[in-house]
Amino acid sequence: MAEDISSLAAEDCSPCCSDALSPGDKEYDDILELNQFDGLPYSSRFYKLLREREELPVWTAKSDFMDTLAEGQFVVVSGSAKTGRSSQIPQWCAEFCLSVHFQHGTVVCTQIHAQQAVDLALRVADEMDVNIGHEVGYSIPLETCGTSDTVLRYCTDDMLLREMMSDPLLERYGVVVVDQAHQRTVATDVLQGLLKDVALQRPELRVVLLTAVEPEPKQLAHFTGSAAPLIRLQSPAAGEVVHSSTGDGYFCSALRLVLEIHHSEEGGDVVVFLVTTQEIDLAHDILCRESHSLPPGLGELLPVAVHPGQPGSLPVLGEEEETGRTRRVFLTSSPNEDFFWAVGSISFVIDAGLEKRYVYNPRIRTNSVIIQPISTGQARSRRQLAGPTGKCFCLYPEDRQLPADTRPHIVESDITSTVLFLRRMEIAGLRHCAFMDRPDPEGLMQALEELDYLAALDNDGNLSEMGIIMSEFPLEPQMAKTLLASCEFDCVSEVVIIAAMLTAPACFTVPSVDLRPEATQCHVKFQHPEGDHFTLINIYKAFKQCQQDPHCDVEKWCQDFYLSHAALLMADALRAELTDTLKRIELPVSVPAFGSRSNTLSIKRALLAGFFMQVARDVDGSGNYFILTHKHVAQIHPQSAYGAKSPKLGLPEWVLYHEHSFAEDNCLRTVTPITPEQFIQMAPQYFFFNLPPSESKDLLQNILNHEASQYQEEKPPTSQEEPQEEQTNDRCVLQ
């Protein structure tokens, strides 16, 4: 290998690097040049795109990057999205692997968002003049496009982590590229922590980190203890920057600026960075209404909502068509700075300078919301989107002190799923994850406690057989436990639908204010008297029935009932994946029996097996629900079957809930009524004893004592220990 690498440093391994002929000369050269990845002649489009690629700022660093990659295991490259780092560097890594005949594997490049992984794979396949799904592919949740011969694969970081469960040393890869490492998501930090151990066991592996901002010293020194080689890309210069102080009125100021820009008739699209999803939707509605009253001579104003982590209506990468007099206004929020790397028509950026962060509170097992200033790196990335001739309006004072770095998500997130995954990786042989920033100790203890309650850990703190099976599913641990319990209670067909519907994005669309009463009436038609979890089954079954009807237009049906077609398709695909996983590990899949009394009770028992920690009681009969685990009081969400907008069902005394949206509205979402007897039967005994003192716990204790006395009267025990042991087994059905 040493000879191959040294020869790579001395000469070019790809026609892209050749200086013998200019791209223009090659188009007219008599000898057809062959693509080394598929053996076919290059098309004329390849040379056209090559000229565009050579104009990217990253191109000047190619020689330096290839030399550094050949000489060492680790390389860090920093540069904004517009430098071309995410599309070019993985291609060069593929050239590196080709030069050594892929003897150590192929290339994988991780992304935070699935949409970006797909977009980049399509663009790179076009630039490399190969077919998507063959030489270049992608892998995102519920969708894989590629073959065993794929040499460059884009994927989300969580997909690569799941791949490590079966291939802990990533032996199919010779180069791992971690893009957007500056975002410091939980999955990205865990991946970097595991890669440190993998690199020690595989000296031939190359690890490349790509960041949009200058990496922190500890990030540079993470892998070897000393600073890894850093290549700084020359980012495009930012245009004019205008600061203004708007106080809390940034939302109105941003919309006013959009309309002023449009009236000015200056060309170019606009990107508006707001703070919350609600602001994005509201701004979209307002601008849609305003666009109808604009003079026709100004051209069309087209607002486009681009929510974080969700595909937006962005143009096909590299193929932006002239939109005539149409001005697009992209409404988005953090961390979407990298979403617009291929939109060259942006001339204006409006930046509120704030972002919304979820901070997990382990004491109350829910998230709090913090609105805080963006980091200096984020501010710089936003300014650069407008390009050297554009203009950025910063809706905050120039002297505002912005944080230097982005706070790692690992220290402020619920890490229960992460702990379950890391315990699984210990079994696979990776016994140490070297975190750059250690998780919050209290959050770590709460995660271990929760996994213990779910019977995912044994007495030594290692994964139990139950925990190993739970880790096979792409679900939160509580939902995975619920799905496994459904195998015992013979209601898998129904619970797998619930799991898919709750894991996919929300299926209910939020229309404009004037249409919301109509949407509520449509949603009422699907309500099930046994609770919201059962309502989700009704919606899914109605969706599938429409799909199977040749005369039913599924998209129009979803639109008529104010349901998200994309979310239901994702739930359908997730249900199929979960069913395949159950069959692969040879767990029984029950025959559908939805609607029968016994099936209803079984579903509730299965839900309680996983979500016994999320139970609340109406303490005053007026809808104030006391949460047993942390003594907070919340209300049922208005859109629930038991909420204020659906008064036909009475308020149940005891409920199991899926989510407590403490930060937004302090509401319990997706609730199903239960009985205290069902809770006592399914909750582990030591969880019940650890509940904080309360009137609700006393009521449960009285029921428990009454059941114990009845049991003793019916069947007198032969010893003091036997009744207690049998009683415990009755209440701990699945442990």
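Look up a bit, the structure's there.
Residues numbered from 1 in each chain as written. Predicted model: local features only at pLDDT ≥ 70, side-chain atom pairs only at ≥ 80, totals over all residues. Heavy atoms only, no water.

Novice: Describe the packing of helix α19 (residues 532–548) against helix α21 (residues 565–584), listing the residues and the values that go with them.
Specialist: One way to put it is that α19 packs onto α21 with a least axis distance of 11 Å and a crossing angle of 95°. Here α21 runs roughly perpendicular to α19, going by the angle between their axes. Contacts between α19 and α21 involve Ile-539, Tyr-540, Phe-543, Lys-544 and Gln-547 from the former and His-565, Leu-568, Leu-569, Asp-572 and Arg-575 from the latter. Within the contact of α19 with α21, the residues separate by chemical class into 5 nonpolar, 2 polar and 3 charged. (Axes fitted to C-alpha atoms, helices over the stretch in contact; angles between N-to-C directions. Helix = DSSP H or I, 4+ residues; strand = E, 2+ residues; numbered from the N terminus. Parallel < 35°, antiparallel > 145°, perpendicular 65-115°, else oblique. Contact = heavy atoms within 4.5 Å. Nonpolar A, V, L, I, M, F, W, Y, C, P; charged D, E, K, R; others polar.)

Novice: Break down the pairing of strand β20 (residues 654–661) for me, with residues and values.
Specialist: Burial of β20 is extensive: 6 of the 8 residues sit out of reach of the surface. Of the pairings in the sheet, the one linking strand β17 (residues 615–618) to β20 comprises 3 bridges and is antiparallel in character. Counted as the bridge partner of Val-615 is Leu-656 from β20. (Buried < 20%, exposed > 50% of the residue type's maximum accessible area, 1.4 Å probe, protein only. Pairing = 2+ DSSP bridges.)

Novice: Account for the state of the cysteines, naming residues and giving values.
Specialist: Covalent bonding between the sulfur atoms of two cysteines is what defines a disulfide. Summed over all chains, the structure comprises 1 disulfide. Residue Cys-546 pairs covalently with Cys-552 via a disulfide, S to S 1.8 Å. One disulfide, between Cys-546 and Cys-552, carries an S-S torsion of -70° and so falls in the left-handed class. Free of any disulfide, Cys-392 has its nearest cysteine sulfur in Cys-394, 3.8 Å distant. Since its relative accessible area comes to 1%, Cys-392 is described here as buried. Cys-558 takes part in no disulfide bond, and the closest cysteine sulfur to it belongs to Cys-546, at a distance of 6.9 Å. You can call Cys-558 buried: its relative accessible area is 1%. (Disulfide = S-S within 2.5 Å.)

Novice: A description of the side chain of Thr-670 should follow, citing residues and the corresponding values.
Specialist: Following the sequence through the fold, Thr-670 ends up in strand β21 (residues 667–673). In this structure Thr-670 comes out as buried when scored by relative accessible area, which is 18%. Those residues within four positions of Thr-670 in sequence are excluded, and the remaining contacts are Leu-502, Asp-532, His-533, Leu-536, Leu-656, Tyr-657 and His-658.

Novice: Could you give an account of helix α22 (residues 597–611), with specific residues and numbers?
Specialist: Every α-helix winds through 3.6 residues per turn, so residues three or four apart in the chain are directed the same way. For α22, which comprises 15 residues, the first-to-last C-alpha distance of 21 Å matches the rise-based estimate of 21 Å (1.5 Å per residue) to within 8%. By the criterion of burial, α22 is predominantly enclosed, with 11 of the 15 residues buried. When α22 is considered as a whole, its buried residues turn out to be Asn-599, Thr-600, Ser-602, Ile-603, Lys-604, Ala-606, Leu-607, Leu-608, Ala-609, Gly-610 and Phe-611. (Expected span 1.5 Å × (residues − 1).)

Novice: Can you break down the pairing of strand β13 (residues 346–351) residue by residue, with the values?
Specialist: Within β13, 6 of the 6 residues are buried, which leaves the element mostly enclosed by the surrounding structure. In this structure, strand β10 (residues 269–274) lies alongside β13, joined through 5 bridges in parallel fashion. By the bridge assignment, Val-271 is partnered in β13 with Val-349. When β13 meets strand β16 (residues 391–394), the two strands line up parallel, connected through 4 bridges. By the bridge assignment for β16, Val-349 is matched with Cys-392.

Novice: Got a sec to walk through the nonpolar core? Specific residues and values, please.
Specialist: Val-190, Leu-194 and Phe-679 are the most contacted members of the largest nonpolar core, which has 111 residues in total. Counting residues per element, this core draws most heavily on helix α17 (residues 492–503), which supplies 9 residues. If sequence neighbours within four positions are ignored, Phe-679 has contacts with Leu-608, Phe-612, Val-615, Leu-628, Ile-674, Phe-687, Phe-688, Leu-691 and Leu-700. In terms of nonpolar packing, the next biggest core, distinct from the first, is built from 47 residues, Cys-93, Met-128, Val-208 and Ala-342 among them. (Core = buried A, V, L, I, M, F, W, Y, C linked by side-chain atoms within 4.5 Å.)

Novice: An account of the environment of Cys-491 is needed here, citing residue identities and associated values.
Specialist: Residue placement: Cys-491 occurs in the loop between α16 (477–489) and α17. Each C-alpha atom of the pair Cys-491 and Val-591 lies 7.8 Å from the other, and the pair is 100 residues apart in sequence. Once residues within four sequence positions are removed from consideration, Cys-491 is found in contact with Ser-486, Ser-590, Asn-599, Ser-602, Ile-603 and Ala-606.

Novice: Account for the sheet that holds strand β11 (residues 301–305), naming residues and giving values.
Specialist: Sheet strands pair via backbone hydrogen bonds, and the direction of the pair is either parallel or antiparallel. Across the sheet, which stays open at both edges, the 6 strands sit in the order β9-β16-β13-β10-β12-β11 with parallel pairing between neighbours. The open sheet terminates on both sides in strands that have one partner only, identified here as β9 (240–243) and β11. Strand after strand, the sheet turns through a mean of 15° between neighbouring axes, direction not considered. Bridge analysis of β10 against strand β12 (residues 327–333) gives 5 bridges, and the strand direction is parallel. Each bridged residue has a counterpart across the sheet, and for Val-271 the counterpart in β12 is Phe-330. Helix-sheet contacts for helix α11 (residues 277–292) involve β10, β11 and β12, and the interaxial angle to β11 is about 165°.

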